[in-house]
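Okay, here's what each chain looks like letter by letter:
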Amino acid sequence: MPARIYQNPKNAMQSGKAKTHIWVLEFEPAEAKKPDPLTGWAGSGDTQQQVRLTFPSQEAASAYAKKYGIAASVKATPEKRLKLQAYADNFG
């Protein structure tokens, strides 16, 4: 089952950088979600979507995937873009 390895980006709603150094291994969905006829909630029988493993580095995540025969692709960390803006720009 294919998986993806990525690093958590910084949350746009907060200024803190907690948990942005952690690398994550998540499995790709094996089947599409479908609505439950009784409740209407979306769900599937794929339990691998519930698995989310964290690692201290990309190398550790890749080594784990290789050790257990998981076909994993590494997603590059998005580049940090700063939008420099002054308070005076609001009045112009």
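Look a little higher up for the structure.
Residues numbered from 1 in each chain as written. Predicted model: local features only at pLDDT ≥ 70, side-chain atom pairs only at ≥ 80, totals over all residues. Heavy atoms only, no water.

Novice: Please set out the environment of A71 residue by residue, giving values where relevant.
Specialist: Tracing the backbone shows A71 in the loop between α1 (58-67) and β6 (72-74). Take A71: its relative accessible area is 52%, and that puts it in the exposed class. Along the backbone, A71 and A3 are 68 residues apart, and their C-alpha atoms lie at a distance of 6.2 Å. Contacts of A71, omitting those with residues within four sequence positions, involve M1, P2 and A3. (Helix = DSSP H or I, 4+ residues; strand = E, 2+ residues; numbered from the N terminus. Buried < 20%, exposed > 50% of the residue type's maximum accessible area, 1.4 Å probe, protein only. Contact = heavy atoms within 4.5 Å.)

Novice: Go over the packing of aromatic side chains, please, and point to the residues and values.
Specialist: The relative placement of two aromatic rings is captured by the distance of their centres and the angle of their planes. The full count for this structure, using the stated rule, is three aromatic pairs. Both rings, one in F55 and one in Y64, keep their centres 5.4 Å apart while their planes meet at 45°; by these two values the pair is tilted. For F55, a relative accessible area of 13% translates into the label buried. We classify Y64 as partly exposed; its relative accessible area is 28%. (Phe/Tyr/Trp six-rings, centres within 6.5 Å; stacked < 30°, edge-to-face > 60°.)

Novice: So what's going on with the environment of S44? Which residues, and what values?
Specialist: Along the chain, the position of S44 falls in the loop between β4 (42-43) and β5 (52-55). A residue is classified by how much of its surface remains accessible, and S44, at 28% relative accessible area, is partly exposed. Taking C-alpha positions, S44 is 9.4 Å from P29, a pair spaced 15 residues apart along the chain. Once you skip the residues sitting within four places of it in the chain, S44 turns out to touch E31, A32, K33 and Q49.

Novice: Could you give an account of the nonpolar core, with specific residues and numbers?
Specialist: In a soluble, globular protein the nonpolar side chains are often hidden away together inside. Membership of the largest hydrophobic core is limited to nine residues, which are A3, I5, W23, L25, F27, F55, A61, A65 and I70. Elements supplying a minimum of two residues to this core: β1 (3-7), β2 (23-27) and α1. Sorting elements by how many residues they give to this core places β2 first, with three residues. When near neighbours in sequence (up to four residues on either side) are disregarded, W23 contacts I5, Y6, Q7, L53, T54, F55, P56, S57, Q58, V74, K75 and T77. (Core = buried A, V, L, I, M, F, W, Y, C linked by side-chain atoms within 4.5 Å.)

Novice: Mind laying out the pattern of salt bridges, listing which residues take part and the relevant values?
Specialist: Counting across every chain of the model gives four salt bridges. The partner of E26 in a salt bridge is R52, with the nearest N and O atoms 3.2 Å apart. Remark: R52 occurs in strand β5 and E26 occurs in strand β2; sequence separation between them is 26 residues. For E26, a relative accessible area of 18% gives the class buried. Through salt bridges that share partners, R4, E26, E28 and R52 make up one connected network. (Salt bridge = Lys/Arg side-chain N within 4 Å of Asp/Glu carboxyl O.)

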